[in-house]
Amino acid sequence: MPAVVSDTTPLNYLVLAGVVDVLPRLFSAVFVPPAVRTEMLHPAAPEALRVFAGNPPPWLVERAPAGHLVAGHLELGEREAITLALELGHPAVLLDEWEARELAGQCGLVAVGTVGLLLQAAERGLVHLPEIAARLRRTNFRASAALWQRLEQGT
């Protein structure tokens, strides 16, 4: 199993949906840069995310990028995550924001979002998509009507 680097948003929604435990079943480790951990611990972050980040599991590893951050008009956590993924030689990075996913692709990385992770987990029998879709609907997760329908139908 490969390791992966994550931005805040996928971790947030996996925690809120109660399925963050799929990550160690899909990846050997999940690296987060300092800005991501800071965002997860921010007082405005959901309490469940702050609790998760305050007492992280062993598979969640904080690591700072060593070099200059990729350029772009992204938030610091996204830029650090992309830079760290490049430095560690990981082919994928967990990102949800469109601009960050686009920059990651330009850098030769595969951007995997919350839905992509859930689809991978469902393919391996780790989650039941309709149940997770119902949980995500109770958050501020945004998706198109077609994507909600796909998740709710479990396809």
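For the structure itself, consult the block above.
Chemist: Help me understand the environment of D7, please; the structure alone is not making it clear to me.
Modeler: If you trace the backbone, D7 turns up in the loop between β1 (4–6) and α1 (8–16). For D7, the contacting residues outside a window of four places in its chain are V36, E39, G77, E78, A81, L94, L95 and E97.

Chemist: What am I meant to see in the nonpolar core here?
Modeler: In a soluble, globular protein the nonpolar side chains are often hidden away together inside. Within the largest apolar cluster, 38 residues are counted, with the highest numbers of intra-cluster contacts made by V19, L23, L60, L117 and L136. With 5 residues, the single largest contributor to this core is helix α7 (residues 114–123). Within the second largest apolar cluster, 17 residues are counted, among which are A3, V70, I82 and A111.

Chemist: Which parts of the structure should I look at to understand the sheet that holds strand β2 (residues 30–32)?
Modeler: Strand-to-strand pairing in sheets goes through backbone hydrogen bonds, with the strands running parallel or antiparallel. One open sheet holds the 5 strands; their spatial order is β3-β2-β1-β4-β5, and the pairing between them is parallel. Every interior strand has two partners, whereas the edge strands, β3 (60–62) and β5 (110–112), have only one. Sheet twist, expressed as the mean angle between neighbouring strand axes with direction ignored, is 35°. Both β1 and β2 contribute to a ladder of 2 bridges, which runs parallel. What sits directly across from V5, in β2, is F31. Here helix α3 (residues 34–41) sits on the sheet and contacts β1, β2 and β3; the angle it forms with β3, its principal contact strand, is near 115°.

Calculation notes
- Residues numbered from 1 in each chain as written.
- Predicted model: local features only at pLDDT ≥ 70, side-chain atom pairs only at ≥ 80, totals over all residues.
- Heavy atoms only, no water.
- Helix = DSSP H or I, 4+ residues; strand = E, 2+ residues; numbered from the N terminus.
- Contact = heavy atoms within 4.5 Å.
- Core = buried A, V, L, I, M, F, W, Y, C linked by side-chain atoms within 4.5 Å.
- Buried < 20%, exposed > 50% of the residue type's maximum accessible area, 1.4 Å probe, protein only.
- Pairing = 2+ DSSP bridges.
- Axes fitted to C-alpha atoms, helices over the stretch in contact; angles between N-to-C directions.

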